[in-house]
Amino acid sequence: MLVLIIIITSIMTYFSFRYQQKINTFLSKFGTGVPSVSLKSRALDYIWSFVLADVPVYAAVFFGSPSISSEIEDRTSFHIFALPIDRYTLLISKYAAAYTVTLIISTIYVIFEAAVTSIVYGKLETSLFLESYGILLIFIASILAFTFFISSVYNRNIYAYITVLIIYFLVFNAVDVITSLLYNVTSPYLLNNAATVLMRVFINVNLFSFSPTISLSPAPTTTVLLAVIVMIIYLVGSISAASIIFERKEAK
């Protein structure tokens, strides 16, 4: 994951310097005239955050999916379950370790984002940047909790890996497509839609909507709060379910 994130940040850095004039051309299409430095800075952060929204997902799958299922598959559960340690404590310890390493991986990307934006435009919208990073902390917690829940269901790692990816990228998107076509609304209760607020705090554009409302202003506070609430619901619900299932797991 470290090698992968370095490759991704290197690519993003190259394109940020190589094609920065394209941002000016893109923004001018919205009748803004000559885009301000602030707007161009937010647009670049939006592009970086568009990629950032998926980084915690893959990191969580890599570090979180085998957290419980591997104990059964590798038969280490015979030794771990016999220890005088409460299973909830064990689960939270595993979760804390996975959260820490996922946060480190994601923060490396965020540091590059801040550095590149500051160098390219000489300005970083600090308040919006910190707001996006704060949301990232909550999103990592929620997607990791979800992977732990899926991991607690299975006894084989490969099933946990595949299920998380299928649910997040296929099932959630399928539900979103159906609700968009039938009711012409984007489902705010889906975790992948909530994750888009990471970039919409800079420019309120949801590219995953069938009828996107394009606004070059940051997302309103109500939108941000709703997304955060959805993430917290996934966090609490998933970690609670994982705790219940893990408590009843038997060594096999």
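Residues numbered from 1 in each chain as written. Predicted model: local features only at pLDDT ≥ 70, side-chain atom pairs only at ≥ 80, totals over all residues. Heavy atoms only, no water.

The name an unreviewed UniProt entry gives the protein is ABC transport system permease protein PA, with Thermoplasma volcanium as the organism.

Right, let's talk about the pattern of salt bridges for a bit. Applying the stated criterion across every chain, the model contains one salt bridge. In this structure, E125 and K123 form a salt bridge, with 3.7 Å as the shortest nitrogen-oxygen distance. (Salt bridge = Lys/Arg side-chain N within 4 Å of Asp/Glu carboxyl O.)

Turning our attention to the side chain of N204. Here N204 shows up in the loop between α11 (197–200) and α12 (221–247). One polar contact links N204 to R200, side chain to side chain, over a distance of 2.9 Å. (Helix = DSSP H or I, 4+ residues; strand = E, 2+ residues; numbered from the N terminus. Polar contact = N/O pair within 3.5 Å; in protein donor to acceptor, adjacent residues only side chain to side chain.)

On to a nonpolar patch on the surface. A contiguous nonpolar surface patch, about 600 Å² in accessible area, is contributed by V3, I7, I11, Y14, F15 and Y19. For I7, a relative accessible area of 45% gives the class partly exposed. (Patch = residues over 30% accessible without salt bridge, like charges linked within 9 Å, V, L, I, M, F, W, Y side chains within 5 Å. Areas by Shrake-Rupley, 256 points an atom, 1.4 Å probe, with all protein chains shown as cover. Buried < 20%, exposed > 50% of the residue type's maximum accessible area, 1.4 Å probe, protein only.)

In the numbering adopted here, UniProt assigns the feature "transmembrane region" (unreviewed entry) to residues 46–65, 96–121, 133–151, 158–183 and 224–246. With 85% helix and 0% strand, residues 46–65 has end C-alpha atoms that lie 29 Å from one another. Measuring from the first to the last C-alpha atom of residues 96–121 gives 37 Å, for a span that is 100% helix and 0% strand. (UniProt positions renumbered as here; feature names shortened; annotations may be inferred.)

Bringing helix α9 (residues 157–183) into the picture now. Between its first and last C-alpha atoms α9 spans 37 Å; for 27 residues at 1.5 Å apiece the expected length is 39 Å, and the two agree. Among the residues of α9, N157, A160, T163, V164, Y168, F172, D176, T179 and S180 are the ones counted as buried. Positive backbone phi, approximately 60°, marks N184, located one or two places after α9. (Expected span 1.5 Å × (residues − 1).)

It is worth spelling out the environment of T89 at this point. Structurally, T89 is set in helix α7 (residues 87–121). Residues T89 and S243 lie 154 residues apart in sequence; the distance between their C-alpha atoms is 9.7 Å.

At a minimum axis separation of 9 Å, helix α4 (residues 55–64) and α7 run at an interaxial angle of 145°. The chirality of how α4 crosses α7 is right-handed. Residues V55, P56, A59, A60 and F63 of α4 form the contact with α7, whose participating residues are A98, V101, T102, I105 and S106. Per-class residue counts for the contact of α4 with α7 are eight nonpolar, two polar and no charged. (Axes fitted to C-alpha atoms, helices over the stretch in contact; angles between N-to-C directions. Left-handed = near helix turned anticlockwise from the far one by under 90°. Contact = heavy atoms within 4.5 Å. Nonpolar A, V, L, I, M, F, W, Y, C, P; charged D, E, K, R; others polar.)

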